[in-house]
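# Remarks on the overall topology
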Amino acid sequence: MNSLILVAAGKGTRMNAAKNKLFLEYQGYPLIYYTLKNIQKSRLLSELIVVASKEELSIFLPLVESLNFKIPVKFASGGARRIDSVRNGLAQVSDRSEKVLVHDGARPFVDGEIIDLAFISIDSRHPAVMVGIPCVDTMKAVSYDTIVKTLDRSNLIRAQTPQGAYTDIFQKAVSALENDSTITDDASILENKGIKVSVVPGKESYFKVTTPEDWDRFKTMMNKDNAFCRIGQGYDIHQMDESSPLVIGGVKIRDHHGLKGHSDADVLIHAIIDALLGAAGLRDIGYYFPDTDDRYKGISSLKLLENVGKMITESGFLIGNIDTTVIAEKPKLAGYIDTMKANIAGVLDIPVSKLGIKAKTNEKLDAAGREEGIASFASAILFRRDF
Ligand SMILES: Nc1ccn([C@@H]2O[C@H](COP(=O)(O)OP(=O)(O)OP(=O)(O)O)[C@@H](O)[C@H]2O)c(=O)n1
Ligand SMILES: C[C@](O)(CO)[C@H](O)COP(=O)(O)O
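How each quantity is defined
- Residue positions are given per chain, counting from 1 as you read along its sequence in written order.
- Lettering of chains starts at A and numbering of ligands starts at 1, both following the order in which they are written.
- Per-residue local features of the predicted model are confined to residues with pLDDT of at least 70, and side-chain atom pairs are confined, for both listing and counting, to 80 or more; whole-chain, interface and lining totals are unaffected and use all residues.
- An automatic or database domain assignment is the source of the domain bounds shown.
- Strand pairing follows a simple DSSP-based rule, namely that at least 2 bridges must link the two strands.
- The helix and strand labels rest on DSSP assignments: H or I over at least four residues marks a helix, E over at least two residues marks a strand, and numbering proceeds from the N terminus.
- Interaxial angle, 0 to 180 degrees, is taken between N-to-C directions of lines fitted to C-alpha atoms, where a helix line uses only the stretch in contact.
- A pair of residues counts as a contact when their C-beta atoms, built from backbone coordinates, are within 7 Å of each other.
- We define a nonpolar core as a collection of buried residues of the types Ala, Val, Leu, Ile, Met, Phe, Trp, Tyr and Cys that are connected via C-beta atoms lying within 7 Å of each other.
- Buried means a residue has 20 or more other C-beta atoms within 10 Å of its own C-beta, exposed means 12 or fewer, and partly exposed covers the counts in between; C-beta atoms are placed from the backbone.
- Using a C-beta atom placed from the backbone, a residue is described as near a molecule or strand when that atom lies within 6 Å of it.
- Side-chain classes are defined by residue name, with Ala, Val, Leu, Ile, Met, Phe, Trp, Tyr, Cys and Pro counting as nonpolar, Asp, Glu, Lys and Arg as charged, and the others, Gly among them, as polar.
- UniProt positions are given in the numbering used here, feature names are shortened, and annotations may be inferred rather than shown by experiment.
- When an angle is under 35 degrees it counts as roughly parallel; over 145 it counts as roughly antiparallel; between 65 and 115 it counts as roughly perpendicular; any other value is oblique.

## Overview of the domain arrangement of the protein
For the protein, the domain assignment lists domain 1 (2-223) and domain 2 (229-384). The centre of domain 1, based on its C-alpha atoms, is set 44 Å off from the matching centre of domain 2.

Next up, the structure:
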């Protein structure tokens, strides 16, 4: 049985972000999601132990659940240092485990091949392994800011993960470990016990996301698989509600009862929001503005759209154009369309010419045709800014 301990209980202090670096989001999913997804590509892995801090466990549980792993996934609590997290993870490894690897949650571009190669490389002649790459720069030993000597880089390797060994060997080495504060990886634990650790060739792409520059590098690498131009579509429908005012495209329409919703039920703007989010590869309106959240009760959907516009910009996109159709038997909307366009273009900070709004009846067919509700469709094109 092959086990992998995923250490994900750090604080990410060197990232200098408002939250743990593992929860920085790219296209609606946190960094750790991409690591987990890539781990799933291993064919030889039989169990995964995710080491997470107690306070963050509630974020990890649904995330792991959503990935639908085909192997058992267990959780362990994080420790103060990486080695303490490794120790806690090791305590959860199955009694039947033959080989164990440790991988950093902060190395998202791990792939199935390297995990499987690391497992295969552990054999009777090579009881422990570490993935690593040669040093490409000249390496200097320093004392404070002064060079002491130039090192022979042909003997130096940059340590990556996964790293591991036969489970019983690793367990013994970790149990025998004294309180050594200099230990920053798993190979050192084994080396210190005189166990031979073989190096498996890694890749630059297995880098650890540690600093803000690394986060930019992660996003650039993810973006390279993305097209220059992306399309999105959105749809929404709301039931009539006699007790509410009718708001469409940010315009309050008098003399007609409104629509039922948690926000102001602006069906046109909701369709636009989903088209934009979809085009940017983000999650849907309900994910970002759930109808269980009191902050959005009665809120103007223009406000939500303004936030979505910012998310689109932050994700590196420019709006090409948006086209929409509102399906309403009544009221007649033609006279309001210019104001709707001005409202929507205004919050998105785009020229009105980039926005199409058309209104149609449903020829008395279906729910919209029977005046039980009003529906909207929207399509959006986004262009990548950095192309
Ligand atoms: N007590 C700790 C410290 C680190 N890690 C994990 O070990 C991996 C590699 O550590 P590092 O990049 O140093 O992460 P952080 O400790 O979070 O970062 P920093 O040192 O900048 O605070 C990360 O996936 C991190 O979550 C852990 O599980 N438990
Ligand atoms: C294990 C490791 O990823 C190997 O490079 C690294 O040592 C852990 O993190 P840190 O940056 O050294 O704290």
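There is more to say, and it comes next.
## Focus on the sheet that holds strand 14 (residues 317-327)
Here we have 5 strands laid out as an open sheet, ordered 13-12-16-14-15, and mixed in their pairing. With partners counted over all chains shown, the strands left at the sheet margins are strand 13 (251-259) and strand 15 (355-360), one partner each. Strand-to-strand twist across the sheet, computed as the mean angle between neighbouring axes with direction ignored, equals 30 degrees. Pairing between strand 14 and strand 16 (residues 373-384): 10 bridges, direction antiparallel. Bridging from a neighbouring strand, Thr325 pairs with Phe377 of strand 16. In this fold helix 8 (residues 267-279) packs onto strand 12 (229-248), strand 13, strand 14 and strand 16, with an angle of close to 160 degrees to the strand it touches most, strand 12.

## A word on the pairing of strand 16
Side chains on a regular strand alternate between the two faces of the sheet. The sheet contact formed by strand 12 and strand 16 spans 11 bridges and is antiparallel. What sits directly across from Gln233, in strand 16, is Ser379.

## Regarding the nonpolar core
Across soluble globular proteins, nonpolar side chains have a tendency to be buried as a group. Of all hydrophobic cores here, the largest spans 49 residues; its most connected members are Ile5, Leu6, Ala8, Val51 and Ile115. In contact with Ala8, not counting residues within four places along its chain, are Leu22, Ile32, Val50, Val51, Ala52 and Gly105. Counting 46 residues, the second-largest nonpolar core is a separate cluster that includes Val247, Ile272, Leu277 and Ile285.

## A closer look at the site of ligand 2
In the vicinity of ligand 2, the contacting residues are Arg82, Asp104, Ala159, Gln160, Thr161, Thr184, Asp185, Lys208 and Thr210. The greatest single-element share of the shell around ligand 2, amounting to 3 residues, is contributed by strand 10 (residues 157-166). Its residues assigned to classes, the shell around ligand 2 shows 1 nonpolar, 4 polar and 4 charged.

## Quick look at unusual backbone geometry
Across the junction of Thr161 and Pro162, the peptide omega takes the value 10 degrees, indicating a cis bond. Its location among the elements puts Pro162 in strand 10. Here Lys330 and Pro331 are connected by a cis peptide whose omega angle stands at -5 degrees. Mapping Pro331 onto the fold places it in the loop between strand 14 and helix 11 (337-348). The backbone phi angle of Asn68 is positive, close to 55 degrees, even though this residue is not glycine. On the secondary structure map, Asn68 appears in the loop between helix 2 (57-67) and strand 5 (73-77). Phi at Glu363 takes a positive value of approximately 50 degrees, unusual for a residue other than glycine. Within the secondary structure layout, Glu363 lies in the loop between strand 15 and helix 12 (366-369). On the basis of neighbour count, Glu363 is assigned to the exposed category, with 10 C-beta atoms found within 10 Å.

## A word on the UniProt feature "domain: 2-C-methyl-D-erythritol 2,4-cyclodiphosphate synthase" (unreviewed entry) in the protein
Residues annotated in UniProt with the feature "domain: 2-C-methyl-D-erythritol 2,4-cyclodiphosphate synthase" (unreviewed entry) correspond here to residues 230-382. Between the first and last C-alpha atoms of residues 230-382 the distance is 5 Å; the span itself is 31% helix and 36% strand.

## Let's talk about the UniProt feature "site: Transition state stabilizer" (unreviewed entry) in the protein
As annotated in UniProt, the feature "site: Transition state stabilizer" (unreviewed entry) corresponds to Arg14, Lys21, His262 and Thr361 in the numbering used here. What stands out for the annotated residues spanning 348 residues is how far apart their C-alpha atoms range, the widest pair being 56.8 Å apart. As for its position among the elements, Arg14 is in the loop between strand 1 (2-7) and strand 2 (25-26). Residue classification places His262 among the partly exposed residues on the basis of 16 C-beta atoms within 10 Å. If we ignore the near neighbours within four places in the chain, the residues touching His262 are Asp291, Tyr296 and Lys297.

## A word on the site of ligand 1
Near ligand 1 you find 21 residues, and of these Val7, Gly10, Thr13, Arg14 and Ser85 are the closest. A class-by-class count of the residues in the shell around ligand 1 yields 7 nonpolar, 8 polar and 6 charged.

## Some remarks on the packing of helix 8 against helix 10 (residues 301-314)
For the pair helix 8 and helix 10, interaxial distance at closest approach is 10 Å and the crossing angle is 10 degrees. Judged on the interaxial angle alone, helix 10 and helix 8 are roughly parallel. Here helix 8 contributes Ile269, His270, Ile272, Ile273, Leu276 and Leu277 to the contact with helix 10, which in turn contributes Ser301, Leu302, Leu304, Leu305, Val308 and Ile312. Within the contact of helix 8 with helix 10, the residues separate by chemical class into 10 nonpolar, 2 polar and no charged.

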